[in-house]
Every structure is written in C-alpha cells, then in structure tokens.
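In case you want the letters, here they are:
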Amino acid sequence: MAFDVQKLLGPSTSCTDIANRVIDINVKSHIWTTKVFLEKMMDRKRGHIVAISSMSGMYAFPWAVVYSTSKYAVNGFMAAVTEQLRLQGFSDKIQTTCVCPYYIATRKDIVEFLKKPRFKLLTTEHTARVIAKGILRNEVTIAIPPFFDLGVKIMQLFPVKVQQLVRDYIIREYELNSTQ
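Since we're looking at a predicted model, the values are computed, not measured.

## Brief notes about a nonpolar patch on the surface
A contiguous nonpolar patch, built from L150, I154, L157, F158 and V162 and spanning about 490 Å² of accessible area, is present on the exposed surface. Tracing the sequence through the fold places V162 in helix α7 (residues 160–171). For V162, a relative accessible area of 34% gives the class partly exposed.

## Quick notes on the sheet that holds strand β1 (residues 47–52)
Across the sheet, 3 strands lie side by side as β1-β2-β3; this open sheet has parallel pairing. Each end of this open sheet is capped by a strand with a single partner; those strands are β1 and β3 (141–144). Sheet twist, expressed as the mean angle between neighbouring strand axes with direction ignored, is 20 degrees. As defined by bridge partners, strand β2 (residues 94–101) adjoins β3 across 4 bridges and the pair is classed as parallel. Among the inter-strand pairings, P101 is bridged to a residue of β3, identified as I144. Sheet contacts for helix α2 (residues 15–44): β1 and β2; angle to β1, the most-contacted strand, approximately 170 degrees.

## Regarding the confidence of the model for the protein chain
Chain-level pLDDT for the protein chain is 85 on average; 82% of the residues reach the 70-or-more range. Predicted confidence is poor over residues 1–5, with pLDDT under 50, and the contacts of this stretch with residues over four places away or in other chains come to 3 contacts.

## Description of the pattern of salt bridges
Within the structure shown, the criterion is met by 5 salt bridges. Between R137 and E139 there is a salt bridge whose closest N-O contact spans 2.6 Å.

## Notes on the packing of aromatic side chains
Tallied over the entire structure, the rule returns 2 aromatic pairs. Both rings, one in Y102 and one in F148, keep their centres 5.2 Å apart while their planes meet at 80 degrees; by these two values the pair is edge-to-face. Of this pair, Y102 sits in the loop between β2 and α4 (108–113) while F148 sits in helix α6 (residues 146–155); the two residues are 46 residues apart in sequence, bridging distant segments of the chain. On the numbers, 4.8 Å between centres and 80 degrees between planes, the contact of F147 with F148 is edge-to-face. For F148, a relative accessible area of 11% puts it in the buried group.

## Some thoughts on the environment of Q88
Among the structural elements, Q88 can be located in the loop between α3 (65–87) and β2. A relative accessible area of 41% places Q88 in the partly exposed class. Spatially, the C-alpha atoms of Q88 and M42 are 9.9 Å apart, while their sequence positions differ by 46 residues.

## Focus on α2
Helix length check: α2 (30 residues) gives 43 Å between terminal C-alpha atoms against 44 Å at 1.5 Å per residue, within 8%. At K28, α2 shows its maximal bend, which comes to roughly 40 degrees. Within α2 the residues assigned to the buried category are C15, A19, N26, V27, H30, T34, L38 and M41. Once α2 finishes, K45 follows within two positions and takes phi at roughly 60 degrees, a positive value.

Here is what the cut-offs are and how they apply
- Residues numbered from 1 in each chain as written.
- Predicted model: local features only at pLDDT ≥ 70, side-chain atom pairs only at ≥ 80, totals over all residues.
- Heavy atoms only, no water.
- Patch = residues over 30% accessible without salt bridge, like charges linked within 9 Å, V, L, I, M, F, W, Y side chains within 5 Å.
- Areas by Shrake-Rupley, 256 points an atom, 1.4 Å probe, with all protein chains shown as cover.
- Salt bridge = Lys/Arg side-chain N within 4 Å of Asp/Glu carboxyl O.
- Helix = DSSP H or I, 4+ residues; strand = E, 2+ residues; numbered from the N terminus.
- Buried < 20%, exposed > 50% of the residue type's maximum accessible area, 1.4 Å probe, protein only.
- Pairing = 2+ DSSP bridges.
- Axes fitted to C-alpha atoms, helices over the stretch in contact; angles between N-to-C directions.
- Contact = heavy atoms within 4.5 Å.
- pLDDT = per-residue confidence, 0-100.
- Phe/Tyr/Trp six-rings, centres within 6.5 Å; stacked < 30°, edge-to-face > 60°.
- Expected span 1.5 Å × (residues − 1).
- Bend = angle between axes of the 7 residues up to and from the residue.

Put into structure tokens, the structure is as follows:
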C-alpha cells in the first residue's frame, strides 16, 4: 500500500509549505499574540486569553493530519499557559479559555469535504453565542457541542484497540470523505 502524502497533507505543489502555513496560522499565531498581551495583563493583574482550537485538537481527525496536529498543539499551549499562570499566582486574575468546536459551516470547501457528516454542522451564530457565554463563565475549555467533550473523555478510558473499533463500527470515519 503506497503512502499518499497529498492525501495526508492536502493537495499542493509543496506539502512542506502547506504544513508550515497551517502551523504558523494555527499554532504560532496563538503563541505570539499571547506573548504580546500577557505581560500587560500580568501588570494589570487581569485579563482573559482565548484560543480557538477545534474538536480535531481533542480527537484526532484522520483526514487532516497536519490540521489536527496543529489543534492538539493549541490545546497543549493553552494547558501550559493555564498551569504557568496558576504557579505564578495569576490563576484568579488572568483567565484562559480554549474553544474546541465541531465543524462550522463557514466555507464551501469544508462543507464539500464532509460528504457524510455524522452531526449537523455548526452555524457561526450559534458557535459565537456558546463561546461568549463560556468566556463570561470563565470556562477553561469550551467544547461545541458540549457532549463531544464527554464522549472524547469516555473514549480515552478504553484501550486504543477498543477506540479504533468504536471509530470503525460506530463513527465510521472512513465514510466521512467517501463518495460511496
């Protein structure tokens, strides 16, 4: 079985360029933006850092390896920032929120990619409302829809082989980008 890099990273003349761009946008942007604002927040002893990740950062999505990797990095970055703020005595002054939505119907290419989505795509209006409410409640993680977070945590209690059986026979991820 041949390993298809184009399928793995997406169609492009340069897979490296596309992977670097995804990492720059999805990971480095959070790091540099946080760096710019965090020092002033610490001086003022108040603030809120919000990062937009994805459900793909909680649950590896097989058809978008670099994207999923970048979103896992965002989740890890936010967890590390949250813990560092706690250890430095700022956890009650500077809040952090990592937002992990399911697919949002924002672009035609995403909608077309998901030939047979298991759940209805989120609207931008609904997603924005849930995020705003979660930030006001100082939620550390906002999963949209919320039951996905619980489902991921339950799945992680099982051995990988059991998780794979669930993915193959219940979620049937192999069908998500299938034309069949």
